[in-house]
Amino acid sequence: MDVYNVTADAKTFTANAYLAVGEQTTLVDAGAMEGVVDVVASHVDDLDAVVLTHQHGDHVAELDAVVETFEPDVYAYADHPLRTHAIADGDTVAVGDEDCEVVYTPGHADDHVSLVGPASLFSGDVVVHDDGAFEYGSFGRTDRPGQSRERLIESIRHLLDRLPESVEHMYAGHGSVFHGDIRDVVETALERAEKREPKYPD
């Protein structure tokens, strides 16, 4: 399965948006980079689905443009005017060539889900490989209204319980893509989160 970060060349702040090309060509998050639709169109003619990990602005700002251009199905945990399919913990969603389990992972956002496939983890912002705060195993910020470090810690534990040993690719909402021992990265993020220290000290 080919996966492209279609916001990789963004000059302004955006989440990573991943185009998974396969049996169900899927965009995981839409990002906030103007011109996302042009990058998607440079890879594929049609887009079957968009799956949202959560609805923070940096992940959904370009959703309207993506839907207007490609008319895909839109999968989301929380209500959204463009949502066509509600998803919940334990559901299965096709992403490219992988059937991914939906794992509800709140803490950074109340509607946050991760997508766990046999080989790939689309982790959104709950766990990332590197993001400027930490270089190997970081986690979403929890210092803003509506966020919770305790819920995030429980979510990472829950994610580990549902993560098969076969997963070897991590596509996170920020930072770089990581290929290798995904469980070790997630466990490292959990250890750091459990210290309950500010992620971004003043």
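An unreviewed UniProt entry lists the protein chain under the name Metal-dependent hydrolase of the beta-lactamase superfamily II, from Halapricum desulfuricans. For the protein chain, the Cofactor (unreviewed entry) comment in UniProt is given as "Zn(2+)".

Peer 1: Please clarify how the sheet that holds strand β5 (residues 73-76) should be interpreted in this entry.
Peer 2: The strands that make up a sheet are held in pairs by hydrogen bonds between backbone atoms, and each pair lies either parallel or antiparallel. Across the sheet, six strands lie side by side as β1-β2-β3-β4-β5-β6; this open sheet has mixed pairing. The open sheet has two edge strands with one neighbour each: β1 (2-5) and β6 (85-86). Of the pairings in the sheet, the one linking strand β4 (residues 49-51) to β5 comprises three bridges and is parallel in character. Across the sheet, V50 pairs through a bridge with V74, a residue of β5.

Peer 1: Honestly, helix α3 (residues 63-70) in this entry has me stumped. Any pointers?
Peer 2: Helical periodicity: at 3.6 residues per turn, an α-helix aligns residues three or four positions apart in one direction. Of the residues making up α3, those classed as buried are L63, V66, V67 and F70. The buried residues of α3 occupy an angular sector of 95° when projected down its axis, which confines them to one face. Where α3 is buried, its residues touch β3 (26-28), α1 (36-43), β4, α2 (57-60) and β5. Downstream of α3 by a residue or two, E71 has a phi angle that is positive, lying close to 55°.

Peer 1: It is not clear to me how the packing of α1 against α3 should be interpreted in this structure. Could you clarify?
Peer 2: Between two packed helices, both the angle of their axes relative to each other and the distance between the axes serve to describe the pair. Direction vectors running N to C along α1 and α3 enclose 40°, while the axes themselves pass 9 Å from each other. Between α1 and α3, the angle is such that the two are oblique. For the element pair α1 and α3, the recorded crossing hand is right-handed. In this structure, α1 uses V36, V37, V40 and A41 to contact α3, whose residues at the interface are A65, V66, T69 and F70. Each residue belonging to the contact of α1 with α3 can be placed in one class, and the counts come to seven nonpolar, one polar and no charged.

Peer 1: Please explain the UniProt feature "domain: Metallo-beta-lactamase" (unreviewed entry) in the protein chain as it appears in this structure.
Peer 2: Sequence positions flagged by UniProt for "domain: Metallo-beta-lactamase" (unreviewed entry) are, in local numbering, residues 14-174. Along residues 14-174 one finds 20% helix and 27% strand; the C-alpha atoms at either end are 8 Å apart.

Peer 1: When you look at the sheet that holds strand β7 (residues 92-95) in this model, what are you seeing that I'm missing?
Peer 2: The strand order across the open sheet formed by six strands is β7-β8-β9-β10-β13-β14, and the pairing between neighbours is mixed. Each edge of the open sheet carries a strand with a single partner, namely β7 and β14 (178-179). Here strand β13 (residues 169-172) runs beside β14; their pairing, made up of two bridges, is antiparallel. Looking across to β14, one finds that M170 is bridged to F178. Taken strand by strand, helix α5 (residues 182-194) contacts β10 (120-124), β13 and β14, and its axis lies near 45° from that of β13.

Peer 1: Is there a simple way to explain the pattern of salt bridges in this structure?
Peer 2: Pairing is possible between side chains of opposite charge, provided their charged atoms come close. Taken as a whole and judged by the stated rule, the model has 10 salt bridges. Residues D79 and R83 are paired through a salt bridge, measuring 3.7 Å at the closest nitrogen-oxygen approach. Two residues, R183 and E165, come together in a salt bridge whose shortest N-O distance is 3.5 Å. You can see R183 sitting in helix α5 and its partner E165 sitting in the loop between α4 (149-161) and β13, a full 18 residues away along the chain. In this structure R183 comes out as partly exposed when scored by relative accessible area, which is 22%. The class for E165 is exposed, based on a relative accessible area of 66%. Here the salt bridges share partners, and the residues they tie into one network are D89, E101 and R162.

The rules behind these values
Residues numbered from 1 in each chain as written. Predicted model: local features only at pLDDT ≥ 70, side-chain atom pairs only at ≥ 80, totals over all residues. Heavy atoms only, no water. UniProt positions renumbered as here; feature names shortened; annotations may be inferred. Pairing = 2+ DSSP bridges. Helix = DSSP H or I, 4+ residues; strand = E, 2+ residues; numbered from the N terminus. Buried < 20%, exposed > 50% of the residue type's maximum accessible area, 1.4 Å probe, protein only. Arc of directions from axis to C-beta. Contact = heavy atoms within 4.5 Å. Axes fitted to C-alpha atoms, helices over the stretch in contact; angles between N-to-C directions. Parallel < 35°, antiparallel > 145°, perpendicular 65-115°, else oblique. Left-handed = near helix turned anticlockwise from the far one by under 90°. Nonpolar A, V, L, I, M, F, W, Y, C, P; charged D, E, K, R; others polar. Salt bridge = Lys/Arg side-chain N within 4 Å of Asp/Glu carboxyl O.

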